[in-house]
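# A structural walkthrough
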Amino acid sequence: MTAPPLDRASRLRSVGAVLPPYRYDQTELTTMFLDILGEQDIHPEVVRRTHANAGVSQRHLAIPAERYAALEDFGAANDAFIEAAVELGAAAMLDALSQAGLTPSDVDLVMSTTVTGLAVPSLEARIAARIGLRRDVKRVPLVGLGCVAGAAGVARVHDYLLGHPQDVAVLVAVELCSLTVQRDDASMANVVASGLFGDGAAAVVLTGAEREAPSPSTSPGSDVVVVESRSRMYAGTERAMGWDIGQTGLKIVLGAEVPGLVLANLRGDVDGFLADHGLTRDDIGWWVAHPGGPKVLEAMQDALEVPREALGMTWSSLDRIGNLSSASVLHVLADTLRDRPPAPGTHGMLLAMGPGFCLEMVLLHAEESR
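Cut-offs and rules
Residues numbered from 1 in each chain as written. Predicted model: local features only at pLDDT ≥ 70, side-chain atom pairs only at ≥ 80, totals over all residues. Heavy atoms only, no water. UniProt positions renumbered as here; feature names shortened; annotations may be inferred. Phe/Tyr/Trp six-rings, centres within 6.5 Å; stacked < 30°, edge-to-face > 60°. Lys NZ or Arg CZ within 6 Å of the ring centre and 35° of its normal. Buried < 20%, exposed > 50% of the residue type's maximum accessible area, 1.4 Å probe, protein only. Helix = DSSP H or I, 4+ residues; strand = E, 2+ residues; numbered from the N terminus. Arc of directions from axis to C-beta. Contact = heavy atoms within 4.5 Å. Pairing = 2+ DSSP bridges. Axes fitted to C-alpha atoms, helices over the stretch in contact; angles between N-to-C directions. Domains from an automatic or database assignment. Buried area = accessible area lost by both parts, 1.4 Å probe. Salt bridge = Lys/Arg side-chain N within 4 Å of Asp/Glu carboxyl O. Polar contact = N/O pair within 3.5 Å; in protein donor to acceptor, adjacent residues only side chain to side chain. Nonpolar A, V, L, I, M, F, W, Y, C, P; charged D, E, K, R; others polar.

An unreviewed UniProt entry lists the chain under the name Stilbene synthase, from Janibacter melonis. The UniProt entry for the chain carries the following comment under Sequence similarities (unreviewed entry): "Belongs to the thiolase-like superfamily. Chalcone/stilbene synthases family."

Written out as structure tokens, the structure is:
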């Protein structure tokens, strides 16, 4: 597929990134997890060491720590998920729209993604009622994409806007990973996840090429366009990452092979994608990567042949808030646009990997301010 000219590409207007108010140091959360596990067959020192090596200093929780012990089953945890997810998702959308100089009535399409709870009607419908989206707004819930969904959602919204160049579209990602932790699961996957994943939400506002720029806009993202995206799936990797769903809810599947899959596949896929645009990795001025965890980030650096500093915003996000599944790469995008605004004329790459096992690549370009 040939990418459209830049003057026909969709424009990234703003990113709103929000976190729950309940913030805890990693050591506090380790103690909390050990209390939840109780008398499971795992040594506490293994849990402490695993959490200490997760690259995470603190995380935010959807509800106060003392409430988790009262969540006796999947139904109670999911009820808590819906309540907090709608509140956080609405806050992220309103923040992003405000930054872009837009209102809920301007939105033509809303896409939601989550993999940490179940809601029917889906989150974007509940958020629509909360913030006052139009009655004719188009709704697209994405289900099952997990960590890759932040990048994949931006890509799919871009695809929509190519065919609707006058529209305003919003992607909202809400993940409350803490509500999925299993109290009867002493597997290393559950131990790793309990030390890595956090809670949060993000929203991205994009507009089609023919949509006039809203005024005023306070967001540095208003000068970034989405050039094109590419997806990749890897055969025989379905058990590398995902959920097993049972009576106790969502039980993490997290294979040790994930860093190896990144190292084996990322470089070739990125190089092939960039080559189709006459670019190489040397032409990428800023990388926006999903914080999958220390081993995954190190594999990314090796595969892309870049120094740690190239993924510095991702490492920082992992340390400050943990891995937020689909919302994480959007938090990194927000941090990048705010703290290290891309130089005009430079290309950026948005990258995430997730269940499938799969990769999503989104090529971005920073333009001169209009």
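### Quick word on the packing of aromatic side chains
One pass over the full model with this rule turns up one aromatic pair. Positioned over the ring face of Trp315 is Arg308, at 3.7 Å from the centre of the ring.

### Quick look at helix H2 (residues 44–52)
Considered for burial, the residues of H2 that qualify are Val47, Thr50 and His51. All buried residues of H2 project into a common sector of 95° when viewed along the axis, lining one side. In this structure, the buried residues of H2 make contact with helix H1 (26–37) and helix H6 (188–196).

### Comments concerning the UniProt feature "domain: FAE" (unreviewed entry) in the chain
In the UniProt entry, the feature "domain: FAE" (unreviewed entry) is given for residues 46–211. Secondary structure across residues 46–211 comprises 40% helix and 20% strand; the distance between its end C-alpha atoms is 54 Å.

### Notes on the UniProt feature "domain: Chalcone/stilbene synthase C-terminal" (unreviewed entry) in the chain
With numbering aligned to this structure, UniProt lists the feature "domain: Chalcone/stilbene synthase C-terminal" (unreviewed entry) at residues 233–365. Helix makes up 38% of residues 233–365 and strand makes up 26%, while its end C-alpha atoms are separated by 25 Å.

### Considering the sheet that holds strand E7 (residues 199–207)
With respect to topology, nine strands assemble into an open sheet ordered E5-E4-E6-E7-E1-E8-E13-E12-E11, the strand pairing being mixed. Strands at the two margins of the open sheet, each flanked by one partner only, are strand E5 (138–143) and strand E11 (284–289). Along the sheet, successive strands turn relative to each other by an average axial angle of 25°, direction set aside. Where helix H7 (residues 258–275) meets the sheet, its contacts fall on strand E8 (224–233), E11, strand E12 (347–354) and strand E13 (358–366), and the angle it forms with E13 comes to roughly 40°. The sheet strands contacting helix H10 (residues 328–339) are strand E1 (10–18), strand E6 (168–176), E7, E8, E11, E12 and E13, and the helix crosses E1 at an angle near 105°.

### As for the domain arrangement of the chain
When its domains are assigned, the chain resolves into domain 1 (12–207) and domain 2 (221–366). Between domain 1 and domain 2, the C-alpha centre-to-centre distance is 18 Å. Contact with domain 1, which involves 54 residues of that partner, is made by 47 residues of domain 2. Summed over both sides, the interface between domain 1 and domain 2 buries roughly 3,800 Å², with carbon and sulfur atoms accounting for 66% of that surface. For the interface between domain 1 and domain 2, the tally reads one salt bridge. Run the count over domain 1 and domain 2 and you get 14 residue pairs in polar contact (both at pLDDT 80 or more). Sorting the residues of the side of domain 1 that touches domain 2 by element identifies E1, strand E3 (58–61), helix H5 (149–163), E6, H6 and E7 as the ones contributing at least two each. Its residues assigned to classes, the side of domain 1 that touches domain 2 shows 29 nonpolar, 17 polar and eight charged.

### Some thoughts on the pattern of salt bridges
Scanning all chains against the criterion turns up 19 salt bridges. The closest approach of N and O atoms between Arg156 and Asp159, which form a salt bridge, is 2.9 Å. With a gap of three residues between them, Arg156 and Asp159 both fall in helix H5, about one helical turn apart. Overall, the relative accessible area of 29% leaves Arg156 in the partly exposed class. Using a relative accessible area of 34% as the deciding quantity, one classes Asp159 as partly exposed. Between Arg338 and Asp335 there is a salt bridge whose closest N-O contact spans 3.1 Å. Of this pair, Arg338 and Asp335 both sit in helix H10, three residues apart, roughly one helical turn. A relative accessible area of 7% places Asp335 in the buried class.

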